[in-house]
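# Secondary and tertiary structure notes
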Amino acid sequence: QQQVKQSPQSLIVQKGGISIINCAYENTAFDYFPWYQQFPGKGPALLIAIRPDVSEKKEGRFTISFNKSAKQFSLHIMDSQPGDSATYFCAAIGVGSNYKLTFGKGTLLTVNP
Amino acid sequence: DAGVIQSPRHEVTEMGQEVTLRCKPISGHNSLFWYRQTMMRGLELLIYFNNNVPIDDSGMPEDRFSAKMPNASFSTLKIQPSEPRDSAVYFCASSLGTGNTEAFFGQGTRLTVV
């Protein structure tokens with residue numbers, strides 16, 4: 001059972017464009033939703049995270065939009081740069097999942113120069 | 001702090017052999033996670049420990065896999081006997097607690113079973 005569904009699997013964007021990655025979850029007991037960024041040969045690293053009591057969180061060019069009623073959240077990367085090329089994972093964690101950090105399957109983002 | 005340290009970085013072994021992966025979490029972190037990453041299945045949580053105690057091992061694929069955390073600064077993931085389908089990148093991660101805190105990942109161990 002996949003508790004966090006992520007789309008698309010891969011995404012190609014031109015430099016300066018907007019990258020959008022979507023996730024949906026099933027377990028309403030999740031209460032923390034981080035996004036991780038992974039470069040080849042490295043482990044995932046926390047990029048930005050949101051709690052369900054807010055609908056949006058912005059850090060620089062990265063924004064999370066959260067829709068609690070629809071159980072969906074998304075990552076927007078504004079002014080995408082070639083250095084943003086990486087795999088992005090959405091995740092969810094909460095008391096209802098026994099605090100297991102559950103990941104989506106990832107999105108391979110390629111930003112062309 | 002050097003971050004989460006995993007060893008070895010790469011491991012090639014023959015089918016049937018025992019494989020031991022090692023992890024040193026960040027000092028002061030009391031939660032430790034083992035993940036397996038493959039193209040097909042993404043990042044799968046195998047097991048996690050809190051204060052050195054296994055809390056949830058429901059992700060361990062079968063009895064060939066075992067994990068231990070004898071103290072706060074060391075954990076092992078053992079596969080015995082190994083099979084080609086175990087080939088993957090295994091990550092260890094640690095965090096300050098079981099709550100909503102950041103998990104820090106190591107560089108991973110790329111395991112190839114031939």
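Here the structure is a predicted model, which is why all the values come from computation and not from measurement.

Taken together, A:Ile18, A:Ile20 and A:Met78 make up a surface patch of nonpolar side chains, about 240 Å² in accessible area. On the basis of relative accessible area, A:Ile18 is assigned to the partly exposed category, the value being 47%.

Residues and elements named next belong to chain A. Spatially, the five strands line up as an open sheet ordered β1-β3-β8-β7-β6, and their pairing is antiparallel. Two strands lie at the open edges of the sheet, namely β1 (4–7) and β6 (56–59), each paired on one side alone. Taking each pair of neighbouring strands and ignoring which way they run, the sheet shows an average axis angle of 15°. Alignment of β1 against strand β3 (residues 19–25), held across four bridges, turns out to be antiparallel. Within β3, the position partnered with serine 7 by the bridge is asparagine 22.

Right, let's talk about the pairing of strand β11 (residues 107–112) of chain A for a bit. All names here are of chain A. Along β11, the buried face is formed by Thr107, Leu109 and Val111; none of Leu108, Thr110 and Asn112, which line the opposite face, is buried. Where strand β2 (residues 10–14) meets β11, five bridges bridge the pair, whose relative direction is parallel. Paired with glutamine 14 across the strands is asparagine 112, a residue of β11. Alignment of strand β9 (residues 86–92) against β11, held across three bridges, turns out to be antiparallel. Within β11, the position partnered with alanine 86 by the bridge is leucine 109.

All names here are of chain B. One pass over the structure, following the stated rule, counts ten salt bridges over all chains. The residue glutamate 83 makes a salt bridge to arginine 64 at a minimum N-O spacing of 3.5 Å. Of this pair, glutamate 83 sits in the loop between β8 (74–79) and β9 (88–95) while arginine 64 sits in the loop between β6 (53–56) and β7 (65–71); the two residues are 19 residues apart in sequence, bridging distant segments of the chain. A relative accessible area of 23% places glutamate 83 in the partly exposed class. For arginine 64, a relative accessible area of 9% corresponds to the buried category. Salt bridges sharing partners connect three or more residues here, namely Glu62, Arg64, Glu83, Arg85 and Asp86.

Criteria and thresholds
Residues numbered from 1 in each chain as written. Chains lettered and ligands numbered in written order. Predicted model: local features only at pLDDT ≥ 70, side-chain atom pairs only at ≥ 80, totals over all residues. Heavy atoms only, no water. Patch = residues over 30% accessible without salt bridge, like charges linked within 9 Å, V, L, I, M, F, W, Y side chains within 5 Å. Areas by Shrake-Rupley, 256 points an atom, 1.4 Å probe, with all protein chains shown as cover. Salt bridge = Lys/Arg side-chain N within 4 Å of Asp/Glu carboxyl O. Buried < 20%, exposed > 50% of the residue type's maximum accessible area, 1.4 Å probe, protein only. Pairing = 2+ DSSP bridges. Helix = DSSP H or I, 4+ residues; strand = E, 2+ residues; numbered from the N terminus. Axes fitted to C-alpha atoms, helices over the stretch in contact; angles between N-to-C directions.

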